[in-house]
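These are the residues of each chain, in order.
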Amino acid sequence: MWHKRLWWWWLVVGGLATAGHSLLPYEGLAANVIYNIIGLLSCLLIPLAVRLHRPARPRMWYWFAAGQTTWVIGDLVWEYYKYILDQEPYPSAADFFYLCAYPMLVVGLVQLSRGRRRGVDLRGLVDPAIVAIGIGLVFWVFVMHPIAAGSTASTLERVIGVAYPAADALLLAILARFFTSSGARSTSAWLLSVAALLLLAADVSYSLLSLYSESDGGSLLESGWLLSYIWWAAAALHPSMRWTGTTASRPSDARVGRSRLVLLAVSSLLAPALLFVPGIGDNAVDRLVIAAGAVILFVLVVIRMAGFVSQVQHQADLLEDLAMADDLTGLANRRRLEQGLTEGLATGTMQVALLDLDDFKEVNDALGHAIGDRLLIAVAERLLRAAGPDALVARMGGDEFAVLLTGRTAAAVDATMARLAGTLHEPVRAGGHDLLVSASIGIADATGTDDAVEVLRRADVAMYAAKRSGGGACRRHTVELDDNADEQARLGAELRTALDAGQFRMVYQPIVELPHGRLRAVEALVRWDHPERGMISPDRFIPAAEHNGLIIELGEWILRTACAQAVEWLADWGTQAPSKISVNVSARQLAQPGFAAVVARTLAETGLPVDRLTVEVTETAVFGGGQAVQTLNELHELGVRIALDDFGTGHSSLGLLQQVPVDVLKVDKSFVDNITMAGRHAVIATALIRVSEGLGLSAVAEGVETAEQAAELYRLGYQLAQGYHFGKPVAEPDFAAHALTAHP
């Protein structure tokens, strides 16, 4: 729009008019008319620009307009004296208006340099004060003092004569603050600063010429004042004037640019430098003023350095706080916790609890990391509230938190942990989802140690023991847990060697049809044939493999070996071979997005028909939903049968049947042990077979050890069973002995 370029056209026209003015005869009528027209137009354009652009701080611009108008009135009064009364008095009424214009301009410039800041910015005042005092001393020595000391001038003349350079010194101080302050400046603000500099340069030049030259500057000085008029108005006409004065500067910080440092250094050295100017040191008044200025500059530099040191210390403290805080939750981080542990060990009794959220990975996989982050933030807030003000709550990383408690008994800490666990039982609202979370908690104290790392290790051992017990549990560290952890660590370290050396063996346990015991299927089980410890059962090494991630590679080996064995049996035994083979799959395998593809590739490479493979999973492996359930759906779509192992012992068993594509329920041994006795176990076993029949699922009773149990299970309706009564897990089952004659 046209008004957006108005400032530019005003600068061009004003510049041409100023050039034309300088070509006209000095002090001629035409030159003075042009001079006064430009001044009047500048006064009118500023309020016009205020109405045009609607600035955020109009009062500042009205101060500039008032100062300009007052200055123009002074010009007109002087023209009246000169051309109407044919007089050139000094001082005159014109000087009154000129001097009154300075405070108005200064008020506007102060508002410009302050912006919308509130309060006192000490560093923002010290820097311009150093510049103003340094240059002010030069003003005093070369301008103000010579005028004040003039022997022929009257007292009023000397006062008026000193007032002009004093006003210029004040203007200089405000400009120094503007140029030494930090922050972004609008184009309009830069135009204002140029206008003020032009006024200052013209005033100073006039004072120097009046003192040290017979010339009064002529048209050149008048051009400086004219250009000042033009740039004041151009600043008002520029579109950026609407926010000028709102963000002109921000409180000064400890950063000092090279040019700013040079300016401050030069200004500080002006006082001693003036003493080397010939003739200056001979005047007692000048020496006194320079000495006072030097003292003030020294004090200001000390204040500035003190502020700098304070700012650096503040930033160092801030950086330390940031280094000790978790970016996501704002809790203390691991470094801060270790510091707190060291302090706690030095001051007295201290206990630490580590909390690991159960199934957090499934939340991330199913809902995304953004929801996972919100969940972590919500958990952090709950932990802070529940732990109390004297506890140090930290995020160790990922989904692991820590709580450091000092001066409390073991019973009090256990109560606090119970309260923490209780706060997590309530659903967490995150991203439109109501999420249920639980935490495995490990507690340790510093008994017998002064090492913070050792205390954390103990809590970590206890936490993993709680997690192995099914999650949502709380364990306190004991020596026995250390022994078990050492065993797990040794097993974990040897697993890699066992895989590479082929130390694992597969055994197979029959699944038979009741009541006659005909073989229907086998379950593939892994054993570790350790060269020194002998045969190691899976309940000892599987947790270690789960912990270090080797379960992925071990699980693939088990799957491939079992499928290849089933194909070999089909070729060797024909119809006597088991019609199905069950393979156990871990939670970590199900959490792998590509696991279904691994199963499909294994079936294709071994040649085992897909309908002969059953994948067994535990309830806890799929309780969290997410990727695990998605993997089971993908397997089911391939045609692989899904068996829910240890059914009835996990989380919300019946609810899982609505979420997971199940074909087979394997009823846990705990419901079979007392099946021949009247009681709740028999009732539960009966209910489970009715559930499986109602849903069209196969039910396998596990852990059958006696003929009486087998008979009672058959009476209740069970068709399939598994246990030592029918055969122990062996590498080569005797299929002929089972006289397999039928298939399911």
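Everything numeric here is computed off the predicted structure, so don't read it as measured data.

Visitor: For this particular structure, what's the right way to read the overall build of the protein?
Guide: The helix and strand tally for the protein stands at 26 helices and 16 strands. Buried positions account for 48% of the 744 residues belonging to the protein. The contacts of the protein with a sequence gap of at least 6 include a subset with a gap of at least 24, amounting to 72%. Carbon together with sulfur atoms contributes 61% to the accessible area of the protein, which is approximately 34600 Å² in total.

Visitor: Looking at this structure, how should I read the packing of helix 12 (residues 360–367) against helix 13 (residues 369–387)?
Guide: When two helices pack together, their arrangement is given by the angle between their axes and by how far apart the axes lie. One way to put it is that helix 12 packs onto helix 13 with a least axis distance of 7 Å and a crossing angle of 140 degrees. Looking at the two axes, helix 12 sits oblique to helix 13. Here helix 12 contributes Phe-360, Val-363, Asn-364 and Leu-367 to the contact with helix 13, which in turn contributes His-369, Ile-371, Gly-372, Leu-375 and Leu-376. Looking at the contact of helix 12 with helix 13 residue by residue, the classes come out as 6 nonpolar, 3 polar and no charged.

Visitor: Help me understand the packing of aromatic side chains in this model?
Guide: Aromatic rings in a pair are described by how distant their centres are and how their planes are angled relative to each other. Following the criterion strictly, the structure yields 15 aromatic pairs and no others. Each ring, one from Phe-64 and one from Trp-232, has its centre 5.0 Å from the other, and the planes form 40 degrees; the classification is tilted. Residue Phe-64 is located in helix 3 (residues 58–84), and its partner Trp-232 is located in helix 8 (residues 218–237); the two are separated by 168 residues in the primary sequence. Exposure remark for Phe-64: the relative accessible area of 0% places this residue in the buried category. Ring centres of Trp-569 and Phe-735 lie 5.0 Å apart, and the angle between their planes is 80 degrees; on these two criteria the pair is classed as edge-to-face. Here Trp-569, found in helix 18 (residues 551–573), pairs with Phe-735, found in helix 26 (residues 735–738); they are 166 residues apart in sequence, far enough to count as distant.

Visitor: I would appreciate a short explanation of the packing of helix 18 against helix 20 (residues 595–606) in the present structure.
Guide: The contact between helix 18 and helix 20 brings their axes to 9 Å, and the two run at 30 degrees. Relative to helix 20, the crossing made by helix 18 is right-handed. Counting all contacts with helix 18, which are made through Glu-556, Leu-559, Arg-560, Cys-563, Ala-564 and Val-567, the residues of helix 20 involved are Val-598, Val-599, Thr-602, Leu-603, Glu-605 and Thr-606. Split by residue class, the contact of helix 18 with helix 20 holds 7 nonpolar, 2 polar and 3 charged.

Visitor: Please clarify how a nonpolar patch on the surface should be interpreted in this entry.
Guide: A cluster of nonpolar side chains, contributed by Leu-29, Val-33, Ile-37, Leu-41 and Leu-44, occupies part of the molecular surface with about 470 Å² of accessible area. Of note, Val-33 is situated in helix 2 (residues 29–53).

Visitor: Whenever I open this one, the sheet that holds strand 2 (residues 392–397) confuses me. Can you help?
Guide: Strands belonging to one sheet form pairs held by backbone hydrogen bonds; the direction of such a pair is parallel or antiparallel. Taken together, the 5 strands give an open sheet; going across it, the order is 2-3-1-6-7, and neighbouring strands pair in mixed fashion. Among the strands making up the open sheet, the edge pair consists of strand 2 and strand 7 (474–476). Averaged over all adjacent pairs, the angle separating strand axes in this sheet is 20 degrees, with direction ignored. Pairing of strand 6 (residues 439–445) with strand 7 involves 3 bridges; the strand directions are parallel. Bridge pairing in strand 7 places Ile-443 opposite Arg-476. Contacts from helix 11 (residues 334–347) reach strand 1 (350–357), strand 2 and strand 3 (400–406), with the element oriented near 135 degrees to strand 2.

Visitor: Would you mind going over the side chain of Asp-75 with me for this structure?
Guide: Among the secondary structure elements, Asp-75 is positioned in helix 3. Lys-82 is the oppositely charged side chain nearest to the buried, salt-bridge-free Asp-75, at an N-O distance of 11 Å. When sequence neighbours within four positions are dropped, the list of residues in contact with Asp-75 reads Tyr-35, Asn-36, Tyr-98 and Tyr-229.

Visitor: Hey, could you run me through the pattern of salt bridges in this one?
Guide: Any two side chains of opposite charge can pair, so long as their charged atoms come close to each other. Inspection of the entire model under this criterion finds 23 salt bridges. For the salt bridge of Arg-334 with Glu-338, the shortest nitrogen-to-oxygen distance reads 3.3 Å. Of the two residues, Arg-334 and Glu-338 are both situated in helix 11; the distance of 4 residues between them amounts to about one turn of the helix. By relative accessible area, which is 32% here, Glu-338 ends up partly exposed. Among the charged side chains, a network of salt bridges with common partners joins Glu-523, Glu-616, Lys-666 and Glu-702.

Visitor: What exactly am I supposed to notice about the pairing of strand 1 here?
Guide: One face of the sheet, then the other: side chains in a regular strand alternate in exactly this way. Within strand 1, 8 of the 8 residues are buried, which leaves the element mostly enclosed by the surrounding structure. Going residue by residue along strand 1, you find Met-350, Val-352, Leu-354 and Asp-356 tucked away on one face and Gln-351, Ala-353, Leu-355 and Leu-357 tucked away on the opposite face as well.

Visitor: Could you clarify how one ought to interpret helix 24 (residues 680–695) in this entry?
Guide: Since one α-helical turn is 3.6 residues long, residues separated by three or four positions face the same way. Its 16 residues place the ends of helix 24 22 Å apart at the C-alpha level, agreeing with the 22 Å of an ideal helix rising 1.5 Å per residue. Along helix 24, the positions that sit buried rather than exposed are Ala-682, Ala-685, Leu-688, Ile-689 and Ser-692. For helix 24, the arc enclosing every buried residue in end-on projection is 125 degrees, short of the 170-degree limit, so these residues lie on one face. Facing away from the buried surface of helix 24 by more than 90 degrees, the exposed residues are Arg-680, Val-683 and Gly-694. Buried positions along helix 24 lie against strand 13 (641–647), strand 14 (664–667), strand 15 (698–701) and helix 25 (707–716).

Visitor: What is the right way to read the side chain of Ser-223 from this model?
Guide: Mapped onto the secondary structure, Ser-223 falls in helix 8. Here Ser-223 falls in the buried class, since its relative accessible area comes to 11%. Setting aside anything within four residues of it in sequence, one finds Ser-223 in contact with Thr-18 and Ser-22.

Visitor: For this particular structure, what's the right way to read the confidence of the model for the protein?
Guide: Low pLDDT marks regions whose predicted coordinates should not be analysed in detail. Mean pLDDT over the protein works out to 83, with 90% of the residues at or above the 70 mark. Within the protein, the lowest mean pLDDT, 71, falls on helix 23 (residues 653–659), and the highest, 96, falls on strand 11 (residues 580–584). Below a pLDDT of 50 lies the segment residues 248–254, which in the model reaches 30 contacts outside its immediate sequence neighbourhood of four places, other chains included. Note that residues 740–744 has pLDDT below 50 and, in this model, 17 contacts with residues that lie over four places away or in other chains.

Visitor: Got a minute to help me understand the nonpolar core in this structure?
Guide: A general trend in soluble globular proteins is that nonpolar side chains are found buried together. One finds Phe-504, Ile-581, Leu-613, Val-617, Val-622, Leu-635 and Tyr-718 to be the most contacted residues of the largest nonpolar core, which totals 74 residues. For this core, the leading source of residues is helix 18, giving 8 residues. Residues within four places of Leu-635 in sequence aside, it is in contact with Phe-595, Ala-596, Val-599, Val-615, Val-640 and Ile-642. With 59 residues, the next largest nonpolar core counts Met-60, Leu-105, Met-144 and Trp-232 among its residues.

Visitor: In this structure, what is going on with the environment of Leu-172? I would like to understand it.
Guide: Following the sequence through the fold, Leu-172 ends up in helix 6 (residues 155–180). Remark: the alpha-carbon pair of Leu-172 and Ala-196, spanning 24 residues in sequence, is separated by 8.8 Å. With residues up to four places along the chain from it excluded, the contact list for Leu-172 reads Ile-135, Phe-139 and Leu-200.

Rules behind the numbers
Residues numbered from 1 in each chain as written. Predicted model: local features only at pLDDT ≥ 70, side-chain atom pairs only at ≥ 80, totals over all residues. Heavy atoms only, no water. Helix = DSSP H or I, 4+ residues; strand = E, 2+ residues; numbered from the N terminus. Buried < 20%, exposed > 50% of the residue type's maximum accessible area, 1.4 Å probe, protein only. Contact = heavy atoms within 4.5 Å. Areas by Shrake-Rupley, 256 points an atom, 1.4 Å probe, with all protein chains shown as cover. Axes fitted to C-alpha atoms, helices over the stretch in contact; angles between N-to-C directions. Parallel < 35°, antiparallel > 145°, perpendicular 65-115°, else oblique. Nonpolar A, V, L, I, M, F, W, Y, C, P; charged D, E, K, R; others polar. Phe/Tyr/Trp six-rings, centres within 6.5 Å; stacked < 30°, edge-to-face > 60°. Left-handed = near helix turned anticlockwise from the far one by under 90°. Patch = residues over 30% accessible without salt bridge, like charges linked within 9 Å, V, L, I, M, F, W, Y side chains within 5 Å. Salt bridge = Lys/Arg side-chain N within 4 Å of Asp/Glu carboxyl O. Pairing = 2+ DSSP bridges. Lys, Arg positive; Asp, Glu negative; His and termini not counted. Expected span 1.5 Å × (residues − 1). Arc of directions from axis to C-beta. pLDDT = per-residue confidence, 0-100. Core = buried A, V, L, I, M, F, W, Y, C linked by side-chain atoms within 4.5 Å.

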